[in-house]
Each structure stands twice: as C-alpha cells, then as structure tokens.
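Next come the chains, spelled out residue by residue.
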Amino acid sequence: LTGVLDDCLCDIESIDDFNTFKIFPKIQKLQERDYFRYYKVNLKRPCPFWADDGHCSIKDCHVEPCPESKIPVGIKAGSSNKYSKAANNSKELEDCEQANKLGAVNSTLSNQSKEAFIDWARYDDSQDHFCELDDERSPDAQYVDLLLNPERYTGYKGPSAWRVWNSIYEENCFKPRSVYRPLNPLAPSRGGDDGESFYTWLEGLCLEKRVFYKLISGLHASINLHLCANYLLEETWGKPRWGPNVKEFTRRFDPAETKGEGPRRLKNLYFLYLIELRALSKVAPYFERAVVDLYTGNGHEDAESKALLLDIFRDTKSFHMHFDEKSMFAGDKKGAKSLKEEFRLHFKNISRIMDCVGCDKCRLWGKLQTQGLGTALKILFSEKEIQSLPENSPSKGFQLTRQEIVALVNAFGRLSTSIKELQNFKILLQRTR
C-alpha cells in the first residue's frame, strides 16, 4: 500500500512516519489518563429501526461497567461539578479505585467556570450535531473503563452483524440510481464486479458524497483491523491468548480474496485518519484557552493531561499535508447548505444504527467511534465559531461535552492504532512468504 490518496495531496508513507514516530506514542499515553479512559454510554437503548434480535451471549461480548454504587458523588454530580475532598476521601471512592482505579469527573471545565454548565444547559446545538448523543442523565447510562473493555474480536457475526453494516451502506451512503449492485462489502450478491469497476461509480459522485462513503468504508476497515490484530488465538485452561491473526487479515484485505477491493478499503482508513487529524488541528484553540480544564479533581494529573493534549495538537498542526475541508460544500450557498444538512442527517442516522448492534462490546466501540467521527465533522464545519471563542468565558456558539471530547480522542486513538497494526501485519506477511 503506497502512493498518494485520492481527493487529497497526501501520501501513505508520510502518514505512516508521522503516526509511528509522533502521534501514536502520545495518543496511547493520553488514552490511559483518567479523563479519557472513562466513557459514559447507554448500552440499553432499543434499536430504532427493527425488532431487536437478542443480544450476543458470547462472553467476550460482555462489557463490565463500574458499579453505580461504587461511583463517588463527585462523578455522579456530572455537569453540576460538585467535587469535594470529602467525596474524594469517601469509602465508596476507595472501593472503586481498588476495582477500576476510577477518578474521572464528568465535566470539562474546572470549578472556576461553573457558569459554563448553566450556559450549556441553555444552549441547544442540535443543528451542529452529526450524532445522536446518549442522554447521560438516563438511569441506563453507565461509566465504562475503556482500558478494562478493549476492542477486540468477540465472535459476534452472522445475520445480526450483517444487517447493521447493510443498513449503514445501503440506506445511508449516497448511491447513484444507475448502480444496482450492493455497496456493502459483506453482501453475497456482488456479481462479477472486480474491485476497480466497483469504484468507478464513486468517481461520478460529487466530492462530498465520495467523502461520506470513504469515511464509512475507512471506519469499517479500521474496526476490522482491530479485530484481526486482537484475535482470540487459543484458549487453554480458561486462559485466552489474544494476538494478530494473519489469515483473518488476508481474508478481509488481500486483493486476491477481496476482488481487488482490500487495498481500497485500507486507503479509506488513511483518508479517515486525515479527516480526524485535521479536526484535531482545528479544535486546538478551544482547548488552548485557560478556561478549559480536563477536570477529574486531581489537579496535578489534570494539568499533565492538558499539557499532553496540547502537545498532540502542536504535532497535528505541524503535519504539512492536511485534507482541505474548504473544498467541501463550496458550491452555491443554497445547494451547499442543503447538501451539508443531508450529509449531517445521513451520518446522524448511522449513529442511531449503533444501538442495533447485538454485542455490547461491539456496540460500545461502535458508538464511541461514530461519535468521535461525528465530533470531528462538527469541528470541521464550525471553524468560524472556534476562531471567535472568548478567552475567559465559555462560548455559546461552540461547545464540546466531556462525552464528545472522550469520543474524539479515543476514536482517533483507534485509527492511530489501526495504522500501527497495519505496519505489524506487513512485517508478519513478509515472514510468512
């Protein structure tokens, strides 16, 4: 896999080097910090599109939340930000620390800016959202430690998984009327098309609709890479051994096994990486303000987390081959606005489909990664609002909730890991030849 990517001026080798030597080590560290490792999610929301076909009973599908009874009042207070040393020293917190090393308060700003949350409550930015957000106040929403529930192969497949991807590709990706064959790479009736002829229809679409398909295909490729890289290789005496499965990787991405489409899917992964990298470089001014604090209640750790995040932003800005989002929605104003709204609603629909995933662990990571991408899109299309942020008070024009921030960083962390894992598979494939 080499050369320049379509629809941008960036080559694969530059991304590999940049990711391996600059981004990957730092984003790994950031994901381990308390602020970013705890994600509040509702895994019990019903599927809005079809009758639920039952949840996956495989044990690896299970997600272990931090028990509600163990979560201290400082975290449960959430956006009202009622943090106190008394709560921090309570027996409940110690129990939870022992179980999960928990220490994350669900808030973005420190005590000095509590008025932010009043503004947030008043401010409804549903027009900017590319995702259906979970209601964090729902009794079904729970904190999950992402480090204790890693994304990996669970065995979840078959009709339920197929229906989710089919709905994403066939009902939400833009498709010209002249194309009758399925877009879904898992579809059995692909006809005699080879991969190259499959992609010829893409060239006839406008840039925005091409980008949309590439984002979904890139996300699918990234998720598949995680499953291949963290595969259950054997289970002896109840001790599972996880690791890279070259055979599974070949089945999903080898040109001979995929009618030439595998490398295209991987190129779409690189394209998605560029989109989210661009969003991180664009959102930097939001976090550079003193008023924004990655608040967990531990002042020393919070300062270190913010310093590491700002360091990553500096790296993203130094990358010299960014995707130019100004090339999107650049036609006549009325047509561009209509297309952008269509783009947003299609993506929002995909975020709702994640509530139809039958495996809890797959649902958790599916929701997080679509929300991360949705947050990236929200950032890319809010440039004016970000540039006009006030330095010392919360902005009513552009806000990110803690949930969005955690999803943005972890979703990009997953893409960074995918590209690193791809390097590992290249080495493993060379050894097997």
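Residues numbered from 1 in each chain as written. Predicted model: local features only at pLDDT ≥ 70, side-chain atom pairs only at ≥ 80, totals over all residues. Heavy atoms only, no water.

Tallied over the full model, the rule gives one disulfide. The residue that forms a disulfide with cysteine 47 is cysteine 356, at a sulfur-sulfur distance of 2.0 Å. Taking the sign of the S-S torsion, 75 degrees for the link of cysteine 47 and cysteine 356, the bridge is right-handed. Of this pair, cysteine 47 sits in the loop between β1 (38–42) and α3 (73–76) while cysteine 356 sits in the loop between α13 (333–353) and α14 (360–380), and the two are 309 residues apart along the sequence. We note that cysteine 47, like cysteine 356, is buried. (Disulfide = S-S within 2.5 Å. Helix = DSSP H or I, 4+ residues; strand = E, 2+ residues; numbered from the N terminus. Buried < 20%, exposed > 50% of the residue type's maximum accessible area, 1.4 Å probe, protein only.)

Right, let's get into the nonpolar core. Counting residues in each nonpolar core, the largest one holds 110 residues, and the members touching the most others are Ile15, Leu215, Tyr273, Val283, Phe287, Phe343 and Leu364. Tallying contributions element by element places helix α11 (residues 262–288) first for this core, with 15 residues. (Core = buried A, V, L, I, M, F, W, Y, C linked by side-chain atoms within 4.5 Å.)

Looking now at the UniProt feature "binding site: FAD" (unreviewed entry) in the protein chain. Mapped onto the present numbering, the UniProt feature "binding site: FAD" (unreviewed entry) falls on Arg152, Thr154, Trp165, Ser217, His220 and Arg252. Relative to the elements of secondary structure, threonine 154 occurs in the loop between β2 (141–145) and α7 (159–172). A relative accessible area of 6% means that threonine 154 is categorised as buried. Residue placement: tryptophan 165 occurs in helix α7. The exposure class assigned to tryptophan 165 is buried, which follows from its relative accessible area of 15%. (UniProt positions renumbered as here; feature names shortened; annotations may be inferred.)

What follows is about the environment of aspartate 324. Along the polypeptide, aspartate 324 turns up in the loop between α12 (299–318) and α13. A relative accessible area of 40% places aspartate 324 in the partly exposed class. Taking the C-alpha atoms as reference points, aspartate 324 and aspartate 7, separated by 317 residues in sequence, lie 9.4 Å from one another.

The next subject is the packing of aromatic side chains. According to the stated counting rule, one finds 11 aromatic pairs in the structure shown. An angle of 80 degrees between the planes, with centres 5.1 Å apart, marks the rings of tyrosine 286 and phenylalanine 287 as edge-to-face. Here tyrosine 286 and phenylalanine 287 have matching classes, each one buried. Joined through ring pairs, the aromatic side chains of Tyr286, Phe287, Phe313 and Phe398 make up one cluster. The ring of tryptophan 242 has arginine 152 lying over it, and the distance from NZ or CZ to the ring centre is 3.9 Å. (Phe/Tyr/Trp six-rings, centres within 6.5 Å; stacked < 30°, edge-to-face > 60°. Lys NZ or Arg CZ within 6 Å of the ring centre and 35° of its normal.)

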